[in-house]
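Structure assessment
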Amino acid sequence: MGLKKAFLRLATIGLGIGLMTSAALAANLRVLAWDGYADPDWVKDFTAATGIGVDVVFIGSDDEIWAKIKGSEGQDFDVFAVNTAQLQRYIKADLVSPIDVTKLPNQKEVLPRFRDLSQVSGDTKDGKVYGIPFCFDSIGLIYDTDKVKPAPTSMSVLWDPAYKGKILAYDNGEHNFSFTALTLGYKDPFNLNAEQMAAVKAKLVELKRNVLSFYTTADEAQQIYQNNDVALIWANYGQQQVKALQKIGAHVAYVNPSEGALAWLDNWVISKGVRDNAAAEKWIDFMLSKKVSSALSERTGFGNTVTETSSAGGNDKLVWLNNVEDPLKRSDMWNEVKATP
Amino acid sequence: MSKTGSTQPSERQLSLLVTVLAFALPVVFVLVPLAIFLVYSFFGVDQGTIVYAPTLGNYVRFFTDPIFLPVFWNTIVLCVSVAAICILLAYPAAYFLATLKGRWRYALLMLLLVPLLMSYVIKIYAIRSILGLNGFLNKALVALGILQQPSTLFVFNMNAILLTLSLLLIPFAILPIFLSLERIPQTLLRASDDLGASGWQTFLRITLPLSLPGVASAASFVFVLAIGDFLTPQMVGGISGFTFGRILYSQFGTAYNWPFGAALSVALAMVVICAILIGERFGRSRGTSL
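Residues numbered from 1 in each chain as written. Chains lettered and ligands numbered in written order. Predicted model: local features only at pLDDT ≥ 70, side-chain atom pairs only at ≥ 80, totals over all residues.

1. Observations regarding the overall build of chain A
A count of helical and extended segments in chain A gives eleven helices and 15 strands. For 341 residues, the compact-globule estimate of 2.2 N^0.38 gives 20 Å, and chain A sits close to it at 21 Å. A principal-axis box enclosing the C-alpha atoms of chain A has dimensions of 65 × 45 × 35 Å. Here the analysis covers contacts within chain A between residues at least 6 apart in sequence; of these, 76% occur between residues at least 24 apart. (Helix = DSSP H or I, 4+ residues; strand = E, 2+ residues; numbered from the N terminus. Rg over C-alpha atoms; globule rule 2.2 N^0.38 Å. Contact = placed C-beta atoms within 7 Å.)

Okay, here's the thing in structure tokens:
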């Protein structure tokens, strides 16, 4: 996989250099995206269909996107991919342009939960649409079908003493406070007041006493699963993690809890410095086509906004990740939870 | 005469350059970074950005917040235990090595040091699967009838950290002890034998005291390496094995509170410096009395 990616990257660089010579004549569309969001065959199809050349630059972290876009005040790229939690920051810094949804015919065909963008938290501001969702994954619950019966429906199963010492949780204060807040029934898990924080903290201390360990990478969780008696895993890496476990023969299934599953959602956005707005709209619309969307899910394991995937059923409640009130506070309190004997 | 006169200045220049380099490297790569992090420990953080105004807040927090001192203390106790276990296991091994003759001695020594060539992370992974509920240790203990059923005693708690760190650091204990044992003149042992001392008496009165400097430096070595480790506790410590290294690490990662992390590092550095000084002191005083 790493080798394949390296080759793809090399090919893209080669393509980039090749196109540079022609860049002076026709302005190419400049796309900034994560690996897997702009595969070469789609780029080729897009150019064939629209006659618009594309230069893709791949990034590896949220901070890198911010540095690239902020560094040039949006002038270096036309379209880029960013998640809903990050998007508001770009809107506030005036780095993105509003998008005219009527120019995106494919947006009318998306799954019901993505049709009304004003209902997708983080995508709009003052009635204007800034982000078009295209790819997501939920943070649900992986359970061993042999050990957990009946199938769980809520994260509250993580507190069930029947599974004491058989639970793998994730080592991250921010997410743990958010999902526990959802389990406690709080409306906005990303903005907790002092009283709610205290309640969540107490609940997390109880959780800690019920779990086997806190993991950090998907790989690590898998190794612990293989060498120990694990029944439940809080799946930070969602579908990828489920598939990896099933591959090694584990009898596991995946569920999004009824109180709502945290989920990340990536969007296409148009930068402030866009050279050809129509070309950017065509790109986004092209990425929302059934063909590209389903291929994206097939290749990455993530959910897409056009076709149904195993990331989330039609009735699953998803809570799009957002910036939390005070990351430092949550991190400190998470340390306190871990230090509590 | 004129010839030597012409070479002398260039020679002097060269030696001056070498001297400057010899001092500059440690200053640039060790002292300056240390000074920077010491300075950082007096800054603060507000809304995710570092505030460059001097404050003692980080140190006040370290001493007053109820979570830091107990974890700090537990970590020190843990690392002293690791050092003790390593010494107890390494001494017989080093002693055995020192009794061997010729080529065998160094071949075996190399074998004992081979684990150091392996990646540290891979070793932790391997040890973790050995300690797990379905791991080799549990399977062996059950097969031998020592345990009725697999136990979770060995993984994801303080025991796991203790075992893993000891296993990882034993080579660092063997080497100094072996070197100090090897340096003991054989004539002393023979003299002791000639004067009618038993093997046990010779060991207690001659070998052991003379090897103590090696033991002291081995102990401080292992302690310092153990206390600076955050990866082992993170990977095998689970929920009860929370150490100071993990708190420190979280300040730089998720919390993004570098100043407080720097203050915690200063506290850790103090302990490390003390350990090194103690090791040094015992190592030297014995050595000079020879």
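Alright, that's what it looks like, and here's the rest.
2. Details of the overall build of chain B
Scanning chain B for helices and strands turns up twelve helices and two strands. At 25 Å, chain B has a C-alpha radius of gyration far larger than the 19 Å of a compact globule built from 290 residues. Projected onto its principal axes, the C-alpha positions of chain B cover 90 × 75 × 35 Å. Taken over 290 residues, chain B has a buried fraction of 30%. Summarising the internal contacts of chain B: among those between residues at least 6 apart in sequence, 72% fall at separations of at least 24. (Buried ≥ 20, exposed ≤ 12 C-beta atoms within 10 Å, placed from the backbone.)

3. Observations concerning the domain arrangement of chain A
Residue and element names in this part refer to chain A. The assigned domain composition of chain A is domain 1 (2-136 + 264-310) and domain 2 (141-255 + 321-339). With centres defined by C-alpha atoms, the gap from domain 1 to domain 2 works out at 31 Å. For the side of domain 1 that touches domain 2, the residue count by class is three nonpolar, five polar and no charged. (Domains from an automatic or database assignment. Nonpolar A, V, L, I, M, F, W, Y, C, P; charged D, E, K, R; others polar.)

4. Brief notes about the sheet that holds strand E10 (residues 213-215) of chain A
Residue and element names in this part refer to chain A. With respect to topology, five strands assemble into an open sheet ordered E10-E9-E11-E8-E12, the strand pairing being mixed. In this open sheet, the two edge strands, each paired with only one partner strand, are E10 and strand E12 (252-255). Strand after strand, the sheet turns through a mean of 25° between neighbouring axes, direction not considered. Note: strand E9 (residues 167-170) against E10, three bridges, orientation parallel. (Pairing = 2+ DSSP bridges. Axes fitted to C-alpha atoms, helices over the stretch in contact; angles between N-to-C directions.)

5. Some remarks on the pairing of strand E8 (residues 141-144) of chain A
Residues and elements named next belong to chain A. Residues Leu141 and Tyr143 point to one face of E8 and Ile142 and Asp144 to the other, with burial holding for every one of them. Bridge count for E8 against strand E11 (residues 232-234) is three bridges, and the pairing is antiparallel. By the bridge assignment for E11, Tyr143 is matched with Leu232.

6. Thoughts on the confidence of the model for chain A
Summing up the model confidence of chain A, the mean pLDDT is 90 and the portion of residues at 70 or higher is 92%. Every residue in residues 18-25 of chain A is under pLDDT 50, and counting partners more than four places away or in other chains gives five contacts. (pLDDT = per-residue confidence, 0-100.)

7. Concerning the interface of chain B and chain A
Contacts between the two partners involve 21 residues from chain B, matched on the other side by 20 residues from chain A. Residue assignment for the side of chain B that touches chain A shows that the elements contributing at least two residues are helix H5 (120-131) and helix H11 (244-252) of chain B. Here the residues of the side of chain B that touches chain A are counted per class, giving eleven nonpolar, ten polar and no charged.

8. Some points on the nonpolar core
Taken as a class, soluble globular proteins show a tendency for nonpolar side chains to be buried jointly. Among the nonpolar cores identified, the biggest contains 143 residues, and Phe80(A), Leu168(A), Ala173(B) and Val222(B) are the most heavily contacted of them. When residues are assigned to domains, this core turns out to be shared by domain 1 (2-136 + 264-310) and domain 2 (141-255 + 321-339) of chain A, each giving three or more. Beyond its immediate chain neighbours, meaning those up to four positions away, Ala173(B) contacts Cys86(B), Ile87(B), Ala90(B), Ala218(B), Phe221(B) and Val222(B). (Core = buried A, V, L, I, M, F, W, Y, C linked by C-beta atoms within 7 Å.)

9. As for the pairing of strand E13 (residues 261-271) of chain A
Two faces, one strand: in a regular strand the side chains alternate between the faces of the sheet. All names here are of chain A. Within E13, ten of the eleven residues are buried, leaving the element largely enclosed by the surrounding structure. Pairing geometry for strand E3 (residues 79-83) and E13, over five bridges, is antiparallel. Across the sheet, Val79 pairs through a bridge with Ile270, a residue of E13. Taken together, the two bridges between strand E4 (residues 96-97) and E13 define a ladder with antiparallel strand orientation. By the bridge assignment, Val96 is partnered in E13 with Ser271. When strand E7 (residues 132-139) meets E13, the two strands line up antiparallel, connected through seven bridges. Looking at the pairing, Asp137 lines up with Trp264 of E13. By the bridge criterion, three bridges tie E13 to strand E15 (residues 318-320) in an arrangement that is parallel. Residue pairing in the sheet places Leu262 in a bridge with Val319 of E15.

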